[in-house]
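# Descriptive structure summary
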Amino acid sequence: MDLPLISVIIPTYGREEPLRDSLVDVLKQDYPNFEVLVVDQTPKHQPEIQAYLEELSAADKIKWFRLDWASLPGARNYAVRRSSGEIILFIDDDVQLPSGFLAAHAKNYLEKPEIGAVAGRVFDRMKLGDSGGDLEIEYLPPEAMDPGIAWYHIDLVHTVKPQQVLTARGCNMSFRREIFTKYGLRFDERFRGSAVREESDFCLRVRQTGYKIWYDPEADLVHLGEETGGCHDISMRSLKYQMTFYHNHFLLGLKNLTATQALRLYARLFDCHVLGRPPCHKSGSPIKIVTRLVFYSLGFLKAVGTVIQSAWNDGQIYTQRDRQDYNDLPVTGQEQILASK
């Protein structure tokens, strides 16, 4: 049986050794038919990492793209346009993979034609540390399929049984190619900062195609959760991060949810992230609550502005820039890009 080609896409920003180690794990996969695309947004690498990437690229073990901008959804869209796989698989640049990782993703598409996306299990160091590592969930509660509150009930870390889910985690998710070609879906590049909720936005639109998103705990990886780099083009403690965090949540609701669902999402967001109640467990200091409330309010206003602006600007600035760069290429350069698809 001919196995489908898998395009493994790794956006990277500011990562050195974790990126190298992630690539080592990808390249030793026992699946026979895959390509690796590294979308590199790091301005300057350490000499040894630079040499390693150059070596892999020269040996045609990876397709290495250097960009002068940082956007996680933009990087994903960029790579999809240059990929050839029947399955498009996204991982982060700080993961550890078992040798059967790609095969675990692929078998779901071969066995279940109704599946359009696979959410893999994520052994997240931080979340496993919080739970003590002993928690096991067989089936997620019904609330995990409710778009208004699902984000506080979906657990792709401790869940051990395969099942349909509402969304995947961005560090371990794959899709049929036709999600991008036949249905024309793209990651929304208006999800800013660390791009929180961008994969949730995408998965909600995947579900509108009629395809299912399937959780497979055997498609597992370890997410190291490095403090810096990756999609964190800004510090998580910065004012800009706080603004974009709330903006992205509000944008998710305004784009995809009914009024009732959106209100429930925003109420839970307020309860957890502003008041600091469980599961967020943030400081109850009045000053900090007021500060978070300011960002919550500004984030909402920014998201409303984003939606209003979409009437004349869809925000896909990096995709548009890429298309312009393509149009500016000589014919031979255009042929090279088309040949890589």
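Provided above is the structure to which this section pertains.
Residues numbered from 1 in each chain as written. Predicted model: local features only at pLDDT ≥ 70, side-chain atom pairs only at ≥ 80, totals over all residues. Heavy atoms only, no water.

### A few points about the packing of aromatic side chains
The condition that has to hold: Each aromatic pair joins two rings of Phe, Tyr and Trp (for Trp, the six-membered one) with centres within 6.5 Å, and gets the label stacked for planes under 30 degrees apart, edge-to-face for over 60, and tilted for any other angle. Strands are runs of DSSP state E lasting at least 2 residues, helices are runs of H or I lasting at least 4, and numbering of each runs from the N terminus. Whether a charge sits over a ring depends on NZ of Lys or CZ of Arg being within 6 Å of the ring centre and within 35 degrees of the ring normal.
A complete count under the given rule lists 20 aromatic pairs for this structure. Relative to Phe175, the ring of Phe90 has its centre 6.1 Å away and its plane inclined at 65°; by these criteria the two rings are edge-to-face. Note that Phe90 is positioned in strand E4 (residues 87-91) and Phe175 in strand E8 (residues 172-176), a separation of 85 residues in sequence. Here the aromatic residues Tyr241, Phe245, Tyr246, Phe250, Tyr266, Phe270, Tyr296 and Phe300 are joined through ring pairs into a cluster of three or more. Just above the ring of Phe65 sits the side chain of Arg82; from NZ or CZ to the centre is 5.9 Å.

### Re the state of the cysteines
What counts is decided by this rule: Disulfides are defined as pairs of cysteine sulfur atoms found within 2.5 Å of each other. Residue exposure (1.4 Å probe, protein chains only): buried if accessible area is under 20% of the type maximum, exposed if over 50%, otherwise partly exposed.
Inspection of the entire model under this criterion finds one disulfide. One disulfide in the model links Cys272 with Cys280; its S-S distance is 1.7 Å. Taking the torsion about the sulfur-sulfur bond, which here is approximately 100°, the covalent link between Cys272 and Cys280 counts as right-handed. No disulfide involves Cys203; its sulfur sits 12 Å from that of Cys171, the nearest cysteine. With a relative accessible area of 0%, Cys203 lands in the buried category.

### Observations concerning a nonpolar patch on the surface
Rule in force here: Only residues above 30% relative accessible area that lack a salt bridge enter a patch, with like-charged residues linked at up to 9 Å and the nonpolar side chains Val, Leu, Ile, Met, Phe, Trp and Tyr linked at up to 5 Å. Accessibility throughout is a Shrake-Rupley quantity obtained with a 1.4 Å probe, and a residue counts as covered only by protein chains that appear here. Each salt bridge in this description consists of a side-chain nitrogen of Lys or Arg and a carboxyl oxygen of Asp or Glu lying within 4 Å of one another.
Taken together, the side chains of Leu254, Val290, Val294, Leu298, Phe300, Leu301 and Val307 define a hydrophobic patch exposed on the protein surface, amounting to about 550 Å² of accessible area. The leading source of residues in the nonpolar patch is helix H9 (residues 286-309), at six residues. On the basis of relative accessibility, which here comes to 33%, the residue Phe300 falls in the partly exposed class.

### A few points about the side chain of Arg76
Note the following rule: Here a polar contact means two N or O atoms within 3.5 Å. Within protein one must be a hydrogen donor candidate and the other an acceptor candidate, and residues neighboring in sequence count only if both atoms are side-chain atoms. Two residues qualify as a contact provided that any one of their heavy atoms is within 4.5 Å of a heavy atom in the partner residue.
Relative to the helices and strands, Arg76 resides in helix H3 (residues 72-81). Of the polar contacts made by the side chain of Arg76, one reaches the backbone oxygen of Gly170; its length is 3.0 Å. Those residues in contact with Arg76 that lie beyond four places of it in its chain are Pro11, Phe90, Asp92, Gly170, Met173, Phe187 and Glu198.

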